[in-house]
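An overview of the molecular structure
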Amino acid sequence: MKQQDLAIDLLRTFTTVAETGSFTAAGDILGRTQSAISQQIRKLEDIVGKSLFYRTSRAVLLSSDGGLLLAHAYDIIARNDEALRRLTAPPIEGRLRLGVTEDFIPRQLPVLLSRFGKVHPQVQLELMTGLSTMLVEKLNAGDLDLVIAKRDAQPQAGRVIWREKLVWIASPEYKTDSNGTLPLVVLPPPCSYRRVMLDVLRAAQRSWRIACTAHSIMGLQAAVVGNLGLSVLGRSFLGPDLVEAPASLGLPDMLDTEIAVFGEKAAIGELADCLVTFLTDALEGLTGNGRPLPMEIVGQICARKTLP
């Protein structure tokens, strides 16, 4: 029996339906009718021999088999688009001094930059990492060409490319102080995490103390893992050693943080455009709808460290 192939256009339709939870909404995004979307999903289900969705009165939801296919679909689309980009895009070369905040997808970024280097071997990336305020100062001083940093480092500038939920983080062994005072691990001023953390605790009239002041995100993580106190970071920092603080603490909810690109207009145009497009394509799920992927899906895409 001839092996059937998964068509890219069917997978794009499938991922869009999965993200929107609606055949009609997916049709609006892809410029197709609801019946055309349904037909494409049925065709994909025929190929895999599984039901990919089940329907309720309010939404279209992934089946267990659909959930299994979803991560593979993102991976296949990513590799397809990356191969086309690599084969059809004119070669670019040059030097780009890039500053990236330590807050930006810490587990995925090294792999993404490695893949960018494989696609564009003639581009010389000089990478600097650090806190957002310091990187924007370096950009303004002419020491960097392009910076990816928290938007609040310079609120009137930059283009937002990523939003992430801030969460209270703790060691899995964290225990509440007997007097109810919250021990905090913070970065020095003017860190926005520190400001937001203290503002929401004051508004909630919670008792707190500064247990540790770290001077880098890595130092902050180490202090929290070492159970010196609680802190606030993006959800993508969570892992076996860093967990969300227990709900029993009743900590105030946190807002999203925004990551932006600074210096695009002044940067070396083609190099900057190429890198930013590469990163935003990965983060937006490569479906063209501008909605970032869940971090676990991004992680699965980035887990393949070599190109086809």
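Each value, and the rule that gives it
Along each chain, numbering runs from 1 in the same order as the chain's sequence is written. In view of the model being predicted, local features appear only for residues whose pLDDT reaches at least 70, and side-chain atom pairs are presented and counted only at 80 or more, with totals across whole chains, interfaces and linings using the full set of residues. Water and hydrogen atoms were dropped before computing side-chain values, which therefore reflect all heavy atoms in the structure. Only DSSP runs of H or I with at least four residues qualify as helices, and only runs of E with at least two residues qualify as strands; both kinds are numbered from the N terminus onward. Any two residues whose heavy atoms approach within 4.5 Å at even a single point are treated as in contact. Only the protein chains shown count as covering a residue, and every accessible area follows the Shrake-Rupley method with a 1.4 Å probe. A helix is expected to span 1.5 Å for every residue after the first. Partly exposed describes any residue whose relative accessible area lies between the buried limit of under 20% and the exposed limit of over 50%, with all areas from a 1.4 Å probe on protein chains only and scaled to the type maximum. The arc under discussion is defined with respect to the helix axis, by the directions toward the C-beta atoms. Stacked, tilted and edge-to-face pairs are distinguished by plane angle, under 30 degrees for stacked and over 60 for edge-to-face with tilted covering the rest, among Phe, Tyr and Trp rings (Trp via its six-membered ring) whose centres lie within 6.5 Å. The salt bridge definition used is simple: a Lys or Arg side-chain nitrogen within 4 Å of an Asp or Glu carboxyl oxygen. Residues belong to a common nonpolar core when they are buried Ala, Val, Leu, Ile, Met, Phe, Trp, Tyr or Cys residues joined through side-chain atoms within 4.5 Å. Whenever two N or O atoms come within 3.5 Å, that pair is a polar contact, provided that in protein one can donate a hydrogen and the other can accept it, and provided that, for residues adjacent in sequence, both atoms are side-chain atoms. In this analysis a 1.4 Å probe is tested at points of a 1 Å grid over the protein atoms alone, and where it fits but cannot get out there is a cavity; an open set with protein on both sides within 12 Å along at least five of seven lines is a pocket; lining residues have an atom within 4 Å of a point. Grid points are joined across faces, edges and corners, and a volume is the space filled by probe spheres set on the points. In this count, Pro and Cys sit with the nonpolar residues alongside Ala, Val, Leu, Ile, Met, Phe, Trp and Tyr, while Asp, Glu, Lys and Arg are called charged and the others, Gly among them, polar.

Considering the overall build of the protein
What the protein contains, in helices and strands, is 10 helices and 11 strands. By sequence separation, contacts in the protein at least 24 residues apart represent 75% of the contacts at least 6 residues apart. Carbon and sulfur atoms make up 52% of the accessible area of the protein, which totals about 15400 Å².

Section: helix α3 (residues 34–48)
An α-helix turns once per 3.6 residues; consequently, residues spaced three or four apart project the same way. Taking 1.5 Å of rise per residue, 15 residues should cover 21 Å, and α3 covers 21 Å from first to last C-alpha, within 8% of that figure. Within the span of α3, buried status applies to Ile 37, Ser 38, Gln 40, Ile 41, Leu 44 and Glu 45. Burial along α3 is one-sided: seen end-on, the buried residues are contained in an arc of 160°. When the buried face of α3 is taken as reference, the exposed residues oriented beyond 90 degrees from it are Gln 39, Lys 43 and Asp 46. Along its buried surface, α3 packs onto α1 (8–20), α2 (23–30), β1 (53–55) and α4 (64–88). Immediately downstream of α3, the backbone of Gly 49 shows phi near 70°, a positive value.

Remarks on the packing of aromatic side chains
What characterises a pair of aromatic rings is the spacing of the ring centres plus the angle enclosed by the ring planes. Evaluated as defined, the whole model comprises two aromatic pairs. Pairing Phe 14 with Phe 53 gives two aromatic rings, centres 5.5 Å apart and planes at 55°, and the pair type is tilted. A residue pair is termed long-range when its members are at least 10 positions apart, and Phe 14 in helix α1 and Phe 53 in strand β1 qualify at 39 residues. On the accessibility criterion, Phe 14 (0% relative accessible area) is buried. Their ring planes at 80° and their centres at 6.3 Å tell us that Phe 23 and Phe 53 sit as a pair that is edge-to-face. With a gap of 30 residues between them, Phe 23 in helix α2 and Phe 53 in strand β1 connect regions that are remote in the sequence.

Focus on the pattern of salt bridges
Scanning the entire structure with this criterion turns up seven salt bridges. With its nearest N and O atoms 2.5 Å apart, the salt bridge here joins Arg 12 to Asp 81. Of this pair, Arg 12 sits in helix α1 while Asp 81 sits in helix α4, and the two are 69 residues apart along the sequence. On the basis of relative accessibility, which here comes to 24%, the residue Arg 12 falls in the partly exposed class.

Things to note about the nonpolar core
In this structure, Trp 168, Leu 184, Leu 220, Leu 230 and Leu 251 are the most contacted members of the largest nonpolar core, which totals 31 residues. Elements supplying a minimum of two residues to this core: β6 (159–170), β7 (182–186), α7 (192–203), α8 (217–225) and β9 (231–234). In terms of residue count, the dominant contributor to this core is β6 (five residues). When sequence neighbours within four positions are dropped, the list of residues in contact with Leu 220 reads Ile 169, Val 185, Val 186, Leu 187, Ala 214, Ser 231 and Leu 233. One finds Val 100, Phe 104, Leu 113 and Leu 279 within the second-largest nonpolar core, a separate group that totals 25 residues.

A closer look at the side chain of Asp 81
Judged by its relative accessible area of 17%, Asp 81 is buried. A distance of 2.9 Å separates the side chain of Asp 81 from the side chain of Asn 80, its partner in a polar contact.

Points about the layout of surface pockets
Summary: where empty space remains is shown by rolling a probe the size of a single water molecule over the atoms. Approximately 230 Å³ is the volume attributed to the largest pocket. At the level of secondary structure, the elements contributing two or more residues to the lining of the largest pocket comprise α6 (132–140) and α7. A total of four residues in the lining of the largest pocket trace back to one element, the largest contributor, which is α6. When its residues are assigned to classes, the lining of the largest pocket shows eight nonpolar, three polar and four charged.

Considerations on unusual backbone geometry
Residues Pro 189 and Pro 190 are joined by a peptide bond in cis, for which omega reads 10°. Following the sequence through the fold, Pro 190 ends up in the loop between β7 and α7. At Gln 205, a residue that is not glycine, the phi angle is positive and equals roughly 60°. Structurally, Gln 205 can be placed in the loop between α7 and β8 (208–213). Its relative accessible area of 74% is what places Gln 205 among the exposed residues.

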